[in-house]
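Working through the structure, step by step
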There are 2 protein chains.
Amino acid sequence: MADYTTNLDNQAVPFERSSGMRRVAIIDMGSNSFRLIVMAYVPGKMFKMIDEVREVVRIGEGMAEVNALRPAAIERGVRAAQIYAGFCEASGISDIITVGTSAIRDARNRALFIDRVRREAGLEVRLLSGETEAYYGYLAAVNSTTLNNGYVFDLGGGSIQITRVENRRRVEMISLPLGAVRLKEGFLHSDPARSKEVSALGEHLRAEFAAIDWFRAEPGMMLVGEGGTLRLIGRLIQKERHYPLDILHGFAMQRTDIGATRDLLADLSVADRKKLPGMKPDRADISLGGATAVYEALSVAGFDAMTICGQGLREGLFYERFLAPDAAAPSDDQPPLFAAVRQASAYNLAQLYHYQEAHAQHIAHLPLSMFDQLPPDERICGPSERELLWAASILHDIGTSIDYHDHHKHGAYLILNAGLPGYTHREIALIALLVRYHRKGKPTADELAPLLAADDDRRLLQMAALLRLAEQLDRSRDGVVSQVVLTFTADHALLEIRSRGDEQVPLWAVENHLDIFSAAFGKPLVVVPVPDEPDEVTLI
Amino acid sequence: MADYTTNLDNQAVPFERSSGMRRVAIIDMGSNSFRLIVMAYVPGKMFKMIDEVREVVRIGEGMAEVNALRPAAIERGVRAAQIYAGFCEASGISDIITVGTSAIRDARNRALFIDRVRREAGLEVRLLSGETEAYYGYLAAVNSTTLNNGYVFDLGGGSIQITRVENRRRVEMISLPLGAVRLKEGFLHSDPARSKEVSALGEHLRAEFAAIDWFRAEPGMMLVGEGGTLRLIGRLIQKERHYPLDILHGFAMQRTDIGATRDLLADLSVADRKKLPGMKPDRADISLGGATAVYEALSVAGFDAMTICGQGLREGLFYERFLAPDAAAPSDDQPPLFAAVRQASAYNLAQLYHYQEAHAQHIAHLPLSMFDQLPPDERICGPSERELLWAASILHDIGTSIDYHDHHKHGAYLILNAGLPGYTHREIALIALLVRYHRKGKPTADELAPLLAADDDRRLLQMAALLRLAEQLDRSRDGVVSQVVLTFTADHALLEIRSRGDEQVPLWAVENHLDIFSAAFGKPLVVVPVPDEPDEVTLI
């Protein structure tokens with residue numbers, strides 16, 4: 001029989017073979033569940049979650065009455081800590097960040113728990129204040145969404161953190177003991193809940209949120225929501241509406257949908273809630289309190305929608321380690337932020353699938369150059385679509401990591417499943433469709449159509465035409481075409497290509513792909529080579 | 001502007017970074033189309049197609065009358081050769097294998113063409129005899145299917161090769177000038193074809209096949225088909241029947257379906273054939289001749305079905321390079337064959353997605369050990385399903401190369417899209433479903449159900465139960481559980497686990513996954529740890 005002792009070399013995922021790869025385990029002892037994630041990363045370059053363990057510990061169960069961790073909860077918590085520590089040891093992970101939040105923080109007997117975890121599991125729990133907890137939730141939001149001005153609303157099991165963000169910096173924060181577990185224990189004692197209980201809860205929440213005078217919608221602001229119960233509400237809405245994407249991060253929940261979900265949950269017993277498509281059984285009981293909190297927050301602050309951030313405390317802790325490895329505490333002066341979330345996210349995905357950097361950059365250069373040369377009356381895409389064309393160019397070949405055949409389809413699958421933090425779902429759909437149609441086929445949105453805006457089918461066609469021409473001009477992936485000049489006349493378009501070498505491959509390759517250009521721009525395209533050097537023919 | 005000169009380092013796909021990686025371009029100058037494929041490989045270890053170019057050259061067009069390549073066809077052929085040579089040069093590929101087949105081989109002016117390709121494109125064409133062409137088609141078939149005894153039927157544009165295989169060796173072969181292009185030019189002059197033309201063609205083919213006295217079905221024999229037009233017929237049948245898999249390799253075409261397709265094509269004009277779902281427009285005209293040839297071959301030889309091999313000449317040439325890098329010519333004594341196609345295919349896929357070898361092997365060890373300990377009256381799976389359980393164990397985590405979240409779904413996607421040569425479509429579906437349900441969920445075949453046999457849902461459930469237990473027993477991927485002993489009593493099952501170290505993680509992990517076992521075997525499972533060392537407690 002083979003020897004199955006731990007062999008880290010064999011356990012490497014591809015990019016973990018990169019030089020400088022590190023692994024960190026982050027253990028988050030929340031009021032409802034304890035979670036462990038393992039991230040593999042090259043500091044500042046790329047990262048990937050490679051493992052996750054979740055255990056519903058309910059460390060805060062029964063705390064509402066006595067403000068102390070109950071003995072049975074402590075036993076469950078210590079046991080989970082031992083399991084997680086054993087998991088890290090067995091996996092050979094020595095860098096472990098362990099944090100405790102609301103329930104543990106607020107318990108009178110917290111020192112006893114922390115001491116037992118230290119002695120019996122060998123883990124050092126960093127107990128986070130509400131402010132620090134909010135800081136990491138904020139870091140996750142600004143590093144994975146385009147939140148510049150607005151709020152982060154983090155709904156935990158024990159507490160709610162609200163952070164006000166201006167120019168990507170946090171300027172206000174508050175932590176309220178209004179987490180989903182506590183709301184249920186404090187207000188919702190019947191099953192199904194009585195309407196009196198539900199309205200008392202609503203009133204309480206409205207008063208609490210109204211008292212925060214800086215928590216109000218202003219023009220240009222975005223409201224970002226975090227937390228497991230909040231994601232659950234998003235999932236229920238997606239299932240109800242047969243939403244075409246299986247991604248929660250970036251999903252914009254409408255207030256009306258949240259209200260309808262709250263009403264639905266209020267009518268159902270916990271047992272019946274468990275039958276709802278998308279419901280997580282272990283959150284069925286606390287889902288009503290959570291939905292009510294979210295709905296009232298939007299109502300009081302005056303937002304029509306909330307964008308879900310699928311990340312939170314754990315990812316915030318990770319971003320600090322990733323972007324500022326030496327930081328040991330929150331920094332409001334210089335928080336560790338990606339310079340540009342959307343670019344970072346596209347590059348991260350591209351690197352995870354080992355994109356061919358030179359070809360991808362060249363491919364990005366060619367269609368953007370054509371894009372910029374389009375006469376204003378010929379193009380219907382704006383600067384924001386230009387950025388999608390860039391992202392699609394960078395990502396167009398990642399599907400080859402699955403299989404060369406149909407790599408356009410595989411690439412779209414990867415983008416739709418891995419997601420692209422920082423892009424809206426409409427944008428992710430358009431990027432995926434551009435990748436889907438970068439080689440052949442007539443671009444159609446099909447099941448993604450509900451995500452698109454009016455005229456996006458025409459925008460898609462124009463961008464797909466430029467990307468496909470670029471792909472063919474660099475068919476041999478050697479960047480032979482150095483420059484393109486695109487001009488329009490009344491009845492046709494002309495593309496002059498300058499090559500650094502033999503232009504026969506690009507000319508041959510582009511020949512079969514001119515149709516999509518005339519379909520997109522209503523004019524036939526003529527492609528002609530021009531010399532790379534200045535024209536030396538003297539006219540006499 | 002960045003410098004876009006060729007940078008091969010940046011062009012590497014992941015496994016190309018492995019030591020010893022090589023690339024070879026194979027150019028196949030067929031009668032209908034010229035094709036270029038680029039394979040990346042580590043000799044004898046793993047391989048992957050990384051590029052493909054196809055150009056419909058029709059070098060054999062108009063040959064039926066004069067038995068010589070026509071000037072226009074020669075020009076098209078030389079130009080395609082130049083493009084392919086330019087492509088290889090730009091891509092930095094110096095190892096190029098160029099072969100010519102039927103049309104060129106049979107043309108009186110073939111030397112002229114070969115000479116022009118040498119001078120104008122710098123490519124050395126290796127002209128294959130019909131026998132050698134058949135040899136490489138045979139190599140592709142025996143290295144990508146479970147063909148032990150039977151025939152390879154290779155339908156090209158210019159010729160048909162039939163090879164008889166006994167114990168994986170070829171024992172007879174014949175090459176007939178009955179390729180799809182020639183059949184069309186020789187018999188099918190009207191559009192739509194007249195029924196007189198179709199029956200004359202059928203009669204001619206029947207007579208030709210009947211004259212091959214060794215081409216008859218015998219018990220235990222398999223008929224494998226190759227060639228682009230043959231794949232097209234398979235695709236038409238799959239579309240017509242809304243087949244749930246998008247894989248042609250391994251598809252078993254029924255003779256009745258082939259006959260129905262032949263009849264359908266015979267009724268339609270070429271223009272109308274192009275509207276059929278799955279039709280390749282540039283093969284619409286030659287599809288009827290091809291379908292007739294396939295149908296008559298099955299009828300004459302007495303086969304009910306033909307299994308499609310999606311590979312052919314090009315892959316055969318590649319297998320020679322891959323398995324016997326020093327071979328320069330066909331070898332009937334020691335043909336380069338995988339020892340076991342199914343194992344090679346599972347390992348190749350696993351390595352392409354950087355599987356964690358130690359964990360995968362350990363995971364394979366555990367469920368197979370449990371499988372072997374099942375009392376005969378408790379299990380409904382046989383030895384062939386045991387092999388599927390092995391393959392699923394090896395492949396269960398490959399989806400993590402896409403994303404940790406939902407990696408069970410991604411793994412199933414990879415298997416269903418990349419395929420697993422050597423396994424039937426039913427087997428591929430079962431392996432994918434085992435991977436799909438190796439972590440959670442109730443195994444259901446859903447849209448793959450049409451591929452499964454009676455009782456496969458119960459087989460799936462039993463195998464999934466064993467795989468899931470194994471996955472949890474090695475949750476920390478360190479092989480801590482060294483041995484499992486499974487016994488059944490009248491009312492329950494007992495799993496004793498021996499551990500090499502701390503057993504708390506496996507015991508904790510397996511705790512939440514006992515349901516699937518009782519669902520599969522109708523008895524609750526009790527898991528108990530037993531000491532790794534012999535029991536030293538003395539009984540007094």
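Residues numbered from 1 in each chain as written. Chains lettered and ligands numbered in written order. Predicted model: local features only at pLDDT ≥ 70, side-chain atom pairs only at ≥ 80, totals over all residues. Heavy atoms only, no water.

1. Some remarks on the overall build of chain A
Counting its regular elements, chain A contains 20 helices and 14 strands. Overall, the C-alpha framework of chain A stretches about 100 × 60 × 50 Å when taken along its three principal axes. In chain A, which comprises 540 residues, the proportion classed as buried is 60%. Carbon and sulfur atoms form 48% of the exposed surface of chain A, whose accessible area is close to 20,800 Å². Positive and negative charge centroids in chain A, built from 58 and 72 side chains respectively, lie 6 Å apart. (Helix = DSSP H or I, 4+ residues; strand = E, 2+ residues; numbered from the N terminus. Buried < 20%, exposed > 50% of the residue type's maximum accessible area, 1.4 Å probe, protein only. Areas by Shrake-Rupley, 256 points an atom, 1.4 Å probe, with all protein chains shown as cover. Lys, Arg positive; Asp, Glu negative; His and termini not counted. Charge placed at Lys NZ, Arg CZ, Asp CG, Glu CD.)

2. Thoughts on the pairing of strand 13 (residues 493-499) of chain B
Residues and elements named next belong to chain B. Burial of the side chains of strand 13 is restricted to one face: Ala493, Leu495, Ile497 and Ser499 are buried, whereas none of Leu494, Glu496 and Arg498 on the reverse face is. In terms of strand pairing, strand 12 (residues 481-488) meets strand 13 through seven bridges, oriented antiparallel. Bridge pairing in strand 13 places Val485 opposite Glu496. Between strand 12 and strand 13, which pair antiparallel one after the other, the connecting turn spans four residues. Bridge count between strand 13 and strand 14 (residues 525-530): six bridges; the pairing is parallel. Within strand 14, the position partnered with Leu494 by the bridge is Val526. (Pairing = 2+ DSSP bridges.)

3. Description of the sheet that holds strand 13 (residues 493-499) of chain A
Residue and element names in this part refer to chain A. Judged by pairing direction, the sheet is mixed, and its three strands sit side by side in the order 12-13-14 without closing on themselves. Only two strands of the sheet have a single partner each, and these edge strands are strand 12 (481-488) and strand 14 (525-530). Taken pair by pair, the neighbouring strands of this sheet meet at an average axis angle of 20°, ignoring direction. Across the sheet, helix 14 (residues 357-373) is in contact with strand 12 and strand 13; its angle to strand 12 comes to roughly 20°. (Axes fitted to C-alpha atoms, helices over the stretch in contact; angles between N-to-C directions. Contact = heavy atoms within 4.5 Å.)

4. Remarks on the sheet that holds strand 5 (residues 125-127) of chain B
Residue and element names in this part refer to chain B. As summarised here, the arrangement of the five strands in space is 3-2-1-4-5, forming an open sheet in which the pairing is mixed. Each edge of the open sheet carries a strand with a single partner, namely strand 3 (46-55) and strand 5. Averaged over all pairs of adjacent strands, the angle between strand axes in this sheet comes to 25°, irrespective of strand direction. With five bridges connecting them, strand 1 (residues 22-29) and strand 4 (residues 96-100) associate as parallel partners. Bridge pairing in strand 4 links Ala25 to Ile96.

5. What to know about the relation of the copies chain A and chain B
Mapping chain A onto chain B calls for a rotation angle of 180° and an axial translation of 0.0 Å; the resulting RMSD is 0.0 Å. Look at the turn and shift together and you get a two-fold axis relating the two. A share of 100% of the interface residues of chain A reappears at the interface of chain B, consistent with the copies meeting face to face through the same patch. (Least-squares fit on C-alpha atoms with pLDDT ≥ 70 in both.)

6. Points about the nonpolar core
Formed by 189 residues in total, the largest nonpolar core has its most connected members in Ile415 of chain A together with Phe153, Ile162, Phe209, Phe215 and Ile415 of chain B. The residues touching Phe209 of chain B, leaving out its near neighbours within four places in the chain, are Phe153, Ile160, Ile162, Leu176, Phe215, Arg216, Ala293, Glu296, Ala297 and Val300 of chain B. Membership of the second largest hydrophobic core comes to 45 residues, among which are Ile212, Ile258, Ala291 and Phe303 of chain A. (Core = buried A, V, L, I, M, F, W, Y, C linked by side-chain atoms within 4.5 Å.)

7. Digging into the interface of chain A and chain B
Taken residue by residue, the interface counts 60 residues in chain A and 60 residues in chain B. Interface area, chain A with chain B, both sides summed: about 5,600 Å², of which 53% is carbon and sulfur. There are eight salt bridges connecting chain A and chain B. Lys409 of chain B is paired through a salt bridge with Asp246 of chain A; the nearest N and O atoms lie 3.9 Å apart. One can count 20 residue pairs in polar contact (both at pLDDT 80 or more) joining chain A with chain B. Where the side of chain A that touches chain B is concerned, the elements lending two or more residues are strand 3 (46-55), helix 2 (71-91), helix 14, helix 16 (407-418) and helix 19 (504-511) of chain A. Broken down by element, the side of chain A that touches chain B gets its largest block of residues, eight residues, from helix 2 of chain A. (Buried area = accessible area lost by both parts, 1.4 Å probe. Salt bridge = Lys/Arg side-chain N within 4 Å of Asp/Glu carboxyl O. Polar contact = N/O pair within 3.5 Å; in protein donor to acceptor, adjacent residues only side chain to side chain.)

8. Things to note about the domain arrangement of chain A
Residues and elements named next belong to chain A. Taken domain by domain, chain A holds domain 1 (14-127), domain 2 (131-314) and domain 3 (342-530). For domain 2 and domain 3, the distance between their C-alpha centres works out to 38 Å. Each partner contributes to the interface: domain 2 provides twelve residues, whereas domain 3 provides ten residues. Contact between domain 2 and domain 3 buries roughly 890 Å² in total, counting both sides, with carbon and sulfur atoms accounting for 72%. Of all residues in domain 2, Pro244, Leu245 and Ile247 bury the most surface against domain 3, accounting for 53% of the area lost on that side. The interface formed by domain 2 and domain 3 holds zero salt bridges in total. (Domains from an automatic or database assignment.)

9. Comments concerning the packing of aromatic side chains
Summed over the entire model, instances satisfying the criterion amount to 45 aromatic pairs over all chains. Measuring from centroid to centroid gives 6.2 Å for Tyr41 of chain A and Phe322 of chain A, while their planes differ by 70°, and the two rings are edge-to-face. Placement of the pair is Tyr41 of chain A in strand 2 (residues 34-42) and Phe322 of chain A in helix 12 (residues 313-323), with a sequence separation of 281 residues. By the burial criterion, Tyr41 of chain A is buried, and Phe322 of chain A matches it. An angle of 75° between the planes, with centres 5.2 Å apart, marks the rings of Tyr135 of chain B and Tyr136 of chain B as edge-to-face. (Phe/Tyr/Trp six-rings, centres within 6.5 Å; stacked < 30°, edge-to-face > 60°.)

10. Quick look at helix 2 of chain A
Between its first and last C-alpha atoms helix 2 of chain A spans 30 Å; for 21 residues at 1.5 Å apiece the expected length is 30 Å, and the two agree. Directly beyond the C-terminal end of helix 2 of chain A, a positive phi value near 75° is found at Gly92 of chain A. (Expected span 1.5 Å × (residues − 1).)

11. A look at the environment of Ala520 of chain A
Residue and element names in this part refer to chain A. Its location among the elements puts Ala520 in helix 20 (residues 515-521). For Ala520, a relative accessible area of 15% corresponds to the buried category. Along the primary structure Ala520 and Leu352 are separated by 168 residues, whereas in three dimensions their C-alpha atoms are 33 Å apart. Contacts of Ala520, omitting those with residues within four sequence positions, involve Leu461, Gln462 and Ala465.

12. Some words on the side chain of Glu226 of chain A
Residues and elements named next belong to chain A. Tracing the sequence through the fold places Glu226 in strand 9 (residues 222-226). No salt bridge is formed by the buried Glu226; the nearest opposite charge belongs to Arg231, separated by 7.5 Å. Residues within four places of Glu226 in sequence aside, it is in contact with Gly137, Ala140, Ala141, Val152, Phe153, Asp154, Leu155, Cys309, Gln311 and Gly312.

13. So, the side chain of Ser91 of chain B
Residues and elements named next belong to chain B. Locating Ser91 in the fold gives a position in helix 2 (residues 71-91). A residue is classified by how much of its surface remains accessible, and Ser91, at 7% relative accessible area, is buried. Here Phe87 takes part through its backbone oxygen, which lies 2.8 Å from a polar atom of the side chain of Ser91.

14. As for the pairing of strand 1 (residues 22-29) of chain A
Residues and elements named next belong to chain A. Of all eight residues making up strand 1, seven are buried, and the element is well covered by its neighbours. Pairing of strand 1 with strand 2, which is carried by eight bridges, proceeds in the antiparallel orientation. Bridge assignment links Ile26 to a residue of strand 2, and that residue is Ile37. Following strand 1, the chain reverses through four residues before pairing antiparallel with strand 2.

15. Thoughts on the confidence of the model for chain A
When the pLDDT values of chain A are averaged, the result is 91; 95% of them are 70 or greater. Under a pLDDT of 50 for its full length, residues 1-18 of chain A has, in the predicted model, 47 contacts with residues more than four places off or in other chains. (pLDDT = per-residue confidence, 0-100.)

16. What about the packing of helix 7 (residues 195-210) of chain A against helix 11 (residues 287-301) of chain A?
All names here are of chain A. It is the contact of helix 7 with helix 11, at a shortest axis distance of 9 Å, that shows an interaxial angle of 45°. By the angle between their axes, helix 7 is oblique relative to helix 11. Along this stretch, helix 7 crosses helix 11, giving a crossing that reads as right-handed. Side by side, helix 7 and helix 11 meet where Val198, Leu201, Gly202, Leu205, Arg206, Phe209 and Ala210 of the first sit next to Leu288, Gly289, Thr292, Ala293, Glu296, Ala297 and Val300 of the second. Partitioning the contact of helix 7 with helix 11 into residue classes produces nine nonpolar, three polar and two charged. (Parallel < 35°, antiparallel > 145°, perpendicular 65-115°, else oblique. Left-handed = near helix turned anticlockwise from the far one by under 90°. Nonpolar A, V, L, I, M, F, W, Y, C, P; charged D, E, K, R; others polar.)

17. Quick word on the pattern of salt bridges
Enumeration according to the criterion identifies 74 salt bridges over all chains in this entry. Taken together, the shared-partner salt bridges connect Asp51 of chain A together with Asp397, Arg475 and Arg477 of chain B into one network.

18. Quick notes on the packing of helix 13 (residues 341-352) of chain B against helix 15 (residues 383-395) of chain B
Residues and elements named next belong to chain B. For the pair helix 13 and helix 15, the least separation of the axes is 9 Å and the interaxial angle reads 15°. Overall, the two elements helix 13 and helix 15 adopt an arrangement that is roughly parallel. Regarding helix 13 and helix 15, the two cross each other, and that crossing is right-handed. Of the residues in helix 15, those touching helix 13 at Arg342, Gln343, Ala346, Tyr347, Leu349 and Ala350 are Glu387, Leu388, Trp390, Ile394 and Leu395. Residue classes in the contact of helix 13 with helix 15 are distributed as eight nonpolar, one polar and two charged.

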